[in-house]
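# Geometric and topological summary
Spelled out, the chains give:
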Amino acid sequence: MLVKQISVFLENKSGRLAEVTQILAESNIDISALSIADTTDFGILRLIVNDPETAEKALKDNGFTVSCCDVIAVSVPDEPGGLAKALKALEAESIGIEYMYAFVGKAENEALVIFRIDNPEKAVEMLEKAGVKVLSSDTVYKL
Amino acid sequence: MQYWNPSCECMSREEMEKLQTERLIETVKRIYHNVPAYREKMQKKGIEPGDIKTLDDLKKLPFTYKDDLRDTYPYGMFAAPLSEIVRIHASSGTTGKQTVVGYTRKDIDTWSEVTARTLVSAGADKHSLIQVAYGYGLFTGGLGIHYGAERIGASVIPISGGNTKRQIQIMKDFGTTILACTPSYALYMAEEMEELGIKKEDLKLKAGVFGAEQWSENMRKEIEERLGIMAIDIYGLSEIIGPGVSTECCCKCGLHVQEDHFIPEIIDPVTEEVLPPGSKGELVFSTITKEGIPLLRYRTRDISSLNYEKCECGRTTVRMSKVSGRTDDMLTIRGVNVFPSQIESVLLEFGDTAPHYLLIVDRIDNLDVLEIWVEMNQQLFSDQVKKIEDSEKKIRKAIEETLGISATVKLVEPKTIERSEGKAKRVIDKRKF
């Protein structure tokens, strides 16, 4: 049920993000979700794409520092309390979230959220037990 | 008082050469018999102590390198047993190993003598108040000047480095007349003084003895103007004795080498041929009175030239020109010697291969600042900000511990650092000397 996320190291200077997206475009990569964590000196670009392996290779070939890790994608009802249910399920088991980000999906009335958790297998189990809809990688890559 | 020891400082060339020859012959014998590492070098060249009869024979002797001190770490180059060593100093090494030097009681006496001559050159006498703002400790700067100041009977203020506001307060309240520190620190003090609203007229400062780093004539002018003093250059290195190897006089036209203790040569660093007076090349020193760690033909890697003409001040000792550069990649940052390879060895602790790095040295508000760019690689990278910041912090700490000075670390993207012929440029020095 886990989804592959690509992370790219970026210095805070103009044009870097444009270059990444250009490289991905040339490799026919479709971006499903994207988030940037930034500090004063650098940023980490996190991407969910339709073909993580090709994307990782294309970026590495172009000299970027890239890593790949497993994240969890869930779909929560786009209504008050939707996200709270998922977070409560994780909190109940003392599962810490390293970071998370939401993104706009194509499904109506649903918000899509990515969780980065150190022990993702257990988290998936807990989320599913609590009735949270965990998305398969195939579903996410096609978004 | 113009000279501390006129019989040595104003000796005729003939007398000096006679004295140097006697002392050189004795030193070669002592080293040959007491330092196996150097004896082997001599044997390899087929030379015995008996072959050294004149000063001209000096060039037959093999060189001593900083690496010789490191390879025989810590005491291998000592020519006296530890029972006779009364002091040990050390300077930073390139791969974590320090360069260790030892002094016998007589060596400390010699050191006091040469630094006394230095201070007197700067106009000091027993009425002077000498503020020693060089670091005390394993670094030779502080204690070296301290001995010279005591030798001439001046009052020493052993304040050591740092705590600038307090330095200035003491300088003003105690009535310091001579300041000893790095030239960049002197300028930094001048800046702080302005901020504190203390004018140069509020001080009794007359002269400064500045060294341990390269500085320019422009910097001298600025220091002299802003502090209202005479600024003179002093040279030394711990391997030879520490500060006091040579010093400028009030004429400020070259540094008088204390030739009765140290014989200088200028060589071509590539062919290793001795060059005639006036030629620019690498400065090489042979110590001829030291007991603890006497060194023959020590390669300083400093670039200078020699002038044997008699100085207007009356001294006859040979003058070396202000050091104008290095033949290796050593940098002096805030008076501390830094080799780029030290950074490399620190970075190696963070992975199997060291990432590419670049040292950027600048002088901001008269203080040297060191920024180190490290190219991000797979081993340092993480998708989590805190893990990257953690690595950054660890690198910074490890570098500070190794170098003994602080530095900022900036992680940059791969291939940011320019490569030439596959080899990365390691240093950008923006300071103007």
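Criteria and cut-off values
Residues numbered from 1 in each chain as written. Chains lettered and ligands numbered in written order. Predicted model: local features only at pLDDT ≥ 70, side-chain atom pairs only at ≥ 80, totals over all residues. Helix = DSSP H or I, 4+ residues; strand = E, 2+ residues; numbered from the N terminus. Rg over C-alpha atoms; globule rule 2.2 N^0.38 Å. Buried ≥ 20, exposed ≤ 12 C-beta atoms within 10 Å, placed from the backbone. Pairing = 2+ DSSP bridges. Contact = placed C-beta atoms within 7 Å. Nonpolar A, V, L, I, M, F, W, Y, C, P; charged D, E, K, R; others polar. Domains from an automatic or database assignment. Arc of directions from axis to C-beta. Axes fitted to C-alpha atoms, helices over the stretch in contact; angles between N-to-C directions. Parallel < 35°, antiparallel > 145°, perpendicular 65-115°, else oblique. Left-handed = near helix turned anticlockwise from the far one by under 90°. pLDDT = per-residue confidence, 0-100. Core = buried A, V, L, I, M, F, W, Y, C linked by C-beta atoms within 7 Å. Right-handed = clockwise from strand over helix to strand, strands pointing away.

### Some points on the overall build of chain A
Broken down by element type, chain A carries five helices and seven strands. Secondary structure elements of chain A, listed N to C terminal, follow the sequence β-α-β-β-α-β-α-β-β-α-β-α. Taken against the 2.2 N^0.38 rule, which gives 15 Å for 143 residues, the C-alpha radius of gyration of chain A at 16 Å falls within 12% of a compact globule. Over its C-alpha atoms, taken along the principal directions, chain A stretches across nearly 45 × 30 × 25 Å.

### Details of the overall build of chain B
In terms of regular secondary structure, chain B is built from 11 helices and 23 strands. Taken against the 2.2 N^0.38 rule, which gives 22 Å for 433 residues, the C-alpha radius of gyration of chain B at 23 Å falls within 12% of a compact globule. Seen through its C-alpha atoms, chain B measures out along the principal axes to roughly 70 × 60 × 40 Å. Counting every position in chain B, which comprises 433 residues, the buried fraction comes to 46%.

### Things to note about the pairing of strand β4 (residues 66-77) of chain A
Residues and elements named next belong to chain A. Across six bridges, the pairing between strand β1 (residues 3-11) and β4 is antiparallel. Pairing of Q5 across the sheet is with C69, part of β4. Of the strand pairs in this sheet, β4 and strand β6 (residues 110-117) are connected by six bridges, and their pairing is antiparallel. Paired with I72 across the strands is F115, a residue of β6.

### Re the sheet that holds strand β10 (residues 262-267) of chain B
Residues and elements named next belong to chain B. Reading across from one edge, β10-β11-β12-β15 is the order of the four strands in this open sheet, with antiparallel pairing throughout. The sheet is open, and its two edges are formed by β10 and β15 (325-326), each paired on a single side. Pairing of strand β11 (residues 281-287) with strand β12 (residues 298-304) involves four bridges; the strand directions are antiparallel. For V284, the partnering residue across the bridge sits in β12 and is R299.

### Re the interface of chain B and chain A
Taken together, the 15 residues of chain B in the interface contact 17 residues of chain A. Counting only elements with at least two residues in the side of chain B that touches chain A, the list comes to α11 (385-403) and β20 (408-412) of chain B. A per-element tally of the side of chain B that touches chain A places β20(B) first, with three residues. Broken down by class, the residue content of the side of chain B that touches chain A amounts to six nonpolar, four polar and five charged.

### A look at the domain arrangement of chain A
Residue and element names in this part refer to chain A. Split by domain assignment, chain A resolves into domain 1 (3-68) and domain 2 (70-141). Between the C-alpha centres of domain 1 and domain 2 the distance comes to 22 Å. Taken together, the elements giving at least two residues each to the side of domain 1 that touches domain 2 come down to β1 and β2 (31-38). Residue classes in the side of domain 1 that touches domain 2 are distributed as four nonpolar, four polar and one charged.

### A closer look at the sheet that holds strand β13 (residues 306-307) of chain B
Taken together, nine strands build an open sheet; the order of strands is β4-β3-β5-β6-β7-β8-β9-β14-β13 (chain B) and the sheet is mixed. Each end of this open sheet is capped by a strand with a single partner; those strands are β4 (155-157) and β13 of chain B.

### Some thoughts on helix α3 (residues 82-92) of chain A
Residues and elements named next belong to chain A. If you check which residues of α3 are buried, you get A86, A89 and L90. Buried residues in α3, looked at end-on, bunch into an arc of 95°, giving them a common side. Opposite its buried face, α3 presents the exposed residues A84, K88 and A92, each directed more than 90 degrees away. Residues of α3 that are buried sit in contact with β4, β5 (97-103), β6 and α4 (120-129). Phi turns positive, to about 55°, at S94, one or two residues after α3.

### A few points about unusual backbone geometry
Residue and element names in this part refer to chain B. Here Y73 and P74 are connected by a cis peptide whose omega angle stands at -5°. Following the sequence through the fold, P74 ends up in the loop between α4 (66-71) and β1 (85-91). Unusually for a residue other than glycine, R297 sits at a positive phi of about 50°. Looking at where R297 falls in the secondary structure, it is placed in the loop between β11 and β12.

### So, the packing of helix α1 (residues 16-26) of chain A against helix α2 (residues 52-61) of chain A
Helix-helix packing is characterised by the crossing angle of the two axes and by the distance between the axes. Residue and element names in this part refer to chain A. For the pair α1 and α2, interaxial distance at closest approach is 10 Å and the crossing angle is 125°. Considered as vectors, α1 and α2 are oriented oblique to each other. Taken as a pair, α1 and α2 cross one another with a handedness that is right-handed. On α2, the residues touching V20, I23 and L24 of α1 are A55, A58 and L59.

### Looking at the packing of helix α5 (residues 105-121) of chain B against helix α6 (residues 140-151) of chain B
Residues and elements named next belong to chain B. At their nearest, the axes of α5 and α6 sit 7 Å apart, and the two run at 75° to each other. Considering their axes alone, α5 and α6 lie roughly perpendicular with respect to each other. Side by side, α5 and α6 meet where I108, W111, S112, E113, T115, A116, T118 and L119 of the first sit next to G144, I145, Y147, G148, A149 and R151 of the second. The residue makeup of the contact of α5 with α6, split by class, is seven nonpolar, five polar and two charged.

### Things to note about the confidence of the model for chain B
Looking at chain B, pLDDT values average 92 and 97% of them are 70 or higher. The ipTM for the predicted assembly is 0.88, set against a pTM of 0.76.

### Observations regarding the environment of E113(B)
Residues and elements named next belong to chain B. Of note, E113 is situated in helix α5. With 21 C-beta atoms packed within 10 Å, E113 lands in the buried category. Distance in space between the C-alpha atoms of E113 and Y75 is 25 Å, their sequence separation being 38 residues.

### Quick notes on the nonpolar core
Generally speaking, nonpolar side chains in soluble globular proteins are found buried as a group. Ranked by internal contacts, the top residues of the largest apolar core, which has 87 residues, are L119(B), I130(B), V132(B), I178(B), A180(B), A186(B) and V209(B). For this core, the element with the highest residue contribution is helix α8 (residues 183-196) of chain B, accounting for six residues. Other than its neighbours up to four places away in sequence, V132(B) contacts G142(B), I145(B), H146(B), A149(B), V156(B), I157(B), P158(B), I159(B) and A180(B). One finds I114(A), F115(A), V132(A) and V374(B) within the second-largest nonpolar core, a separate group that totals 61 residues.

### Focus on the pairing of strand β3 (residues 129-132) of chain B
Residues and elements named next belong to chain B. Residues of β3 alternate between two faces, with L129 and Q131 on one and I130 and V132 on the opposite face, all of them buried. Bridging between β3 and β4 involves three bridges; their strand directions are parallel. The partner of L129 across the bridge, within β4, is S155. Each parallel crossover has a hand, and the one from β3 via α6 to β4 is right-handed.

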